[in-house]
Amino acid sequence: MARIAVHAVQFACAISAVASFLTHGTLSRALAGFAAVMALFTLSVGIRYGRRAVAELDGHLTLVAQASAARAQVEELFAMTDMLQAADDKEDAGAVLMASARRLLPDLDGALYLFNNSRDRLDLAQSWSQRQAFTPAPTLFPETCWALKRGKPHVNDRQALGGQVGTLCCPHAIGKASSIEVPMMARGQVFGLLVLASEAADAREQLHDVTRIARALADSISLALSNIALREKLRTQSLRDPLTGLYNRRYMEDALERYINLAQRTGTSISVLMIDLDNFKRLNDDHGHAKGDAVLRDVAGQLVSTLRPSDVIARYGGEELLVIMPKCSLEHAAAKAELLRQRVEALSAAHGAQVSASFGVATVPETATGAGDVVAMADSALYTAKQAGKNRVVTAPRRSRGEDKGAPRLAAAN
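Computed from a prediction, not measured in an experiment: that's the story for all the values here.

Participant: Help me out: how do you make sense of the packing of aromatic side chains in this one?
Facilitator: The geometry of an aromatic ring pair comes down to the distance between the two centres and the angle between the two planes. Counting across every chain of the model gives 1 aromatic pair. Measuring from centroid to centroid gives 4.1 Å for Tyr247 and Tyr251, while their planes differ by 20°, and the two rings are stacked. Residue Tyr247 is classed as partly exposed on the basis of its relative accessible area, which comes to 21%. Positioned over the ring face of Phe115 is Arg119, at 4.2 Å from the centre of the ring.

This is the structure we're talking about:
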């Protein structure tokens with residue numbers, strides 16, 4: 001309707017202009033004045049509609065820019081998710097998060113906190129900052145974090161309003177930078193905390209505007225951390241004994257062959273300790289299986305704390321344990337076995353029951369030729385220790401020329 005009215009005014013203006021040329025005198029001047037007024041009216045309407053068209057065009061361009069930015073953000077989040085699928089550990093996941101956050105939110109600093117194994121604190125795993133105002137703490141405690149308490153994003157507004165801090169802030173939010181903290185949750189478990197910070201004058205509004213992106217980043221990294229934790233759990237279950245935490249027999253067999261091949265190439269000795277807890281069935285019958293499990297765990301703890309990190313300690317089966325000791329001669333292995341025997345026996349007072357173990361020791365090349373017979377030689381020496389009265393260390397006999405095997409000999413007796 002407005003366009004029809006404008007066209008009608010333009011038509012009337014044109015008729016008046018033509019009539020002013022065909023008439024004379026007062027009527028001609030009146031028609032000319034009317035035409036001029038109509039022309040000015042048409043011009044003003046045109047300017048008004050032109051401005052409205054420009055505003056509409058600007059609005060459309062703004063929407064196109066916002067759509068392009070949103071599409072770029074979605075593409076970046078998809079690329080981040082794709083990269084996280086290739087992350088092998090938490091360090092890889094943190095590096096991917098840092099790179100994506102810098103591209104998506106270049107004006108903000110950030111930090112990634114992850115729960116430790118005991119889940120009583122969060123440790124700083126990754127941080128990125130280009131300014132001095134943001135100084136993330138090395139550790140956080142869950143009971144001091146409002147985001148973790150509420151399970152929702154929380155903004156720490158450090159901008160002073162009348163000499164007071166803008167909002168309720170967590171105790172660990174130090175420095176002048178305002179920050180938003182987003183819990184990272186996946187499959188019903190909290191894995192850590194994502195922190196994004198800004199020191200701009202409008203930091204609070206800026207942080208509220210990026211809440212959606214911050215939650216998307218937290219969701220992606222939390223799901224990746226959940227997958228990494230699941231892979232680590234499955235890998236541990238495939239390699240470790242669930243009761244003692246020691247390596248299982250399958251891993252021990254692979255490691256033994258690998259260590260022996262390495263020892264043969266380097267010309268060094270490698271020893272094997274076969275350990276069996278004495279009268280373990282009687283311990284279970286008299287004190288219950290819970291006591292037997294506790295004794296097994298404590299014996300495993302004694303082995304881990306006494307032996308070297310390079311030694312491989314495995315649960316061979318039942319109450320039998322096996323230790324692989326690279327670069328260890330027969331004499332050193334027997335001495336270490338005697339120390340272990342004493343420490344195992346010392347557990348009797350803590351458990352209120354008699355606890356002891358028998359040890360069989362074999363070494364390549366002193367007593368055995370390779371992986372095929374070193375375990376059998378250590379097991380034979382263990383059997384001899386059992387027959388000799390238990391709670392003692394027996395070493396396999398040394399090999400001599402033309403002789404590969406012999407009867408085990410008593411190395412130490414209680």
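Participant: How should the pattern of salt bridges be read in this particular structure?
Facilitator: Oppositely charged side chains can pair when the atoms bearing their charge come close. The final tally for this structure, using the stated rule, is 11 salt bridges. Salt-bridge contacts for Arg341 lead to Glu345; the nearest nitrogen and oxygen are separated by 3.3 Å. One end of the pair, Arg341, and the other, Glu345, are both in helix α10 (residues 330-345), 4 residues apart, so they sit about a helical turn from each other. The class for Arg341 is buried, based on a relative accessible area of 5%. Three or more residues joined by partner-sharing salt bridges are found here, namely Asp276, Asp278 and Lys386.

Participant: What's the story with the sheet that holds strand β3 (residues 139-140) in this structure? I'm lost.
Facilitator: Note: strands within a sheet are paired through backbone hydrogen bonds, in either parallel or antiparallel orientation. What the 6 strands build is an open sheet, ordered β3-β2-β1-β8-β7-β4; its pairing is antiparallel. Only two strands of the sheet have a single partner each, and these edge strands are β3 and β4 (154-156). Strands in contact with helix α3 (residues 90-104) are β1 (109-115), β2 (122-128) and β8 (189-198); relative to β2, the strand with the most contacts, it is inclined by about 40°. Here helix α6 (residues 211-239) sits on the sheet and contacts β1, β7 (178-186) and β8; the angle it forms with β7, its principal contact strand, is near 40°.

Participant: I keep staring at the packing of helix α7 (residues 249-266) against helix α12 (residues 371-387) and nothing clicks. Help me out?
Facilitator: Angle between the axes and distance between the axes: these two values describe a pair of packed helices. It is the contact of α7 with α12, at a shortest axis distance of 10 Å, that shows an interaxial angle of 115°. With respect to α12, the element α7 is oriented roughly perpendicular. The crossing of α7 and α12 is right-handed. Across from Leu256, Glu257 and Ile260 in α7, the residues of α12 making contact are Ala371, Val374 and Val375.

Participant: So what exactly am I meant to see when it comes to empty space enclosed by the protein here?
Facilitator: The gaps left among the atoms become clear once a water-sized probe is rolled over them. Tallied over the entire structure, the rule returns 1 cavity of 30 Å³ or more. The volume enclosed by the largest cavity comes to roughly 140 Å³. Lining the largest cavity are 14 residues, with Phe134, His172, Ala173, Ser179 and Val195 sitting closest to its centre. Here the residues of the lining of the largest cavity are counted per class, giving 10 nonpolar, 3 polar and 1 charged.

Participant: Got a minute to help me understand the layout of surface pockets in this structure?
Facilitator: Here the largest pocket defines a volume of roughly 270 Å³. Looking at the largest pocket, the residues that line it are Lys90, Leu114, Phe115, Asn116, Asn117, Arg119, Gln189, Val190, Phe191, Leu225, Ala229 and Glu232. Counting residues per element, the ones that place at least two in the lining of the largest pocket are β1, β8 and α6. Of the residues in the lining of the largest pocket, the class split is 6 nonpolar, 3 polar and 3 charged. Considered as a void within the structure, the second largest pocket measures approximately 210 Å³ in volume. Contributing to the lining of the second largest pocket are 16 residues, with Asp278, Asn279, Arg282, Gln354 and Val355 lying nearest its centre. Among the elements that make up the lining of the second largest pocket, the one with the highest residue count is helix α8 (residues 280-287) (5 residues). The residue makeup of the lining of the second largest pocket, split by class, is 6 nonpolar, 6 polar and 4 charged.

Calculation notes
- Residues numbered from 1 in each chain as written.
- Predicted model: local features only at pLDDT ≥ 70, side-chain atom pairs only at ≥ 80, totals over all residues.
- Heavy atoms only, no water.
- Phe/Tyr/Trp six-rings, centres within 6.5 Å; stacked < 30°, edge-to-face > 60°.
- Buried < 20%, exposed > 50% of the residue type's maximum accessible area, 1.4 Å probe, protein only.
- Lys NZ or Arg CZ within 6 Å of the ring centre and 35° of its normal.
- Salt bridge = Lys/Arg side-chain N within 4 Å of Asp/Glu carboxyl O.
- Helix = DSSP H or I, 4+ residues; strand = E, 2+ residues; numbered from the N terminus.
- Pairing = 2+ DSSP bridges.
- Contact = heavy atoms within 4.5 Å.
- Axes fitted to C-alpha atoms, helices over the stretch in contact; angles between N-to-C directions.
- Parallel < 35°, antiparallel > 145°, perpendicular 65-115°, else oblique.
- Left-handed = near helix turned anticlockwise from the far one by under 90°.
- 1 Å grid on protein atoms, 1.4 Å probe; cavity = no way out; pocket = protein on both sides within 12 Å on 5 of 7 lines; lining within 4 Å.
- Points joined across faces, edges and corners; volume = space filled by probe spheres on them.
- Nonpolar A, V, L, I, M, F, W, Y, C, P; charged D, E, K, R; others polar.

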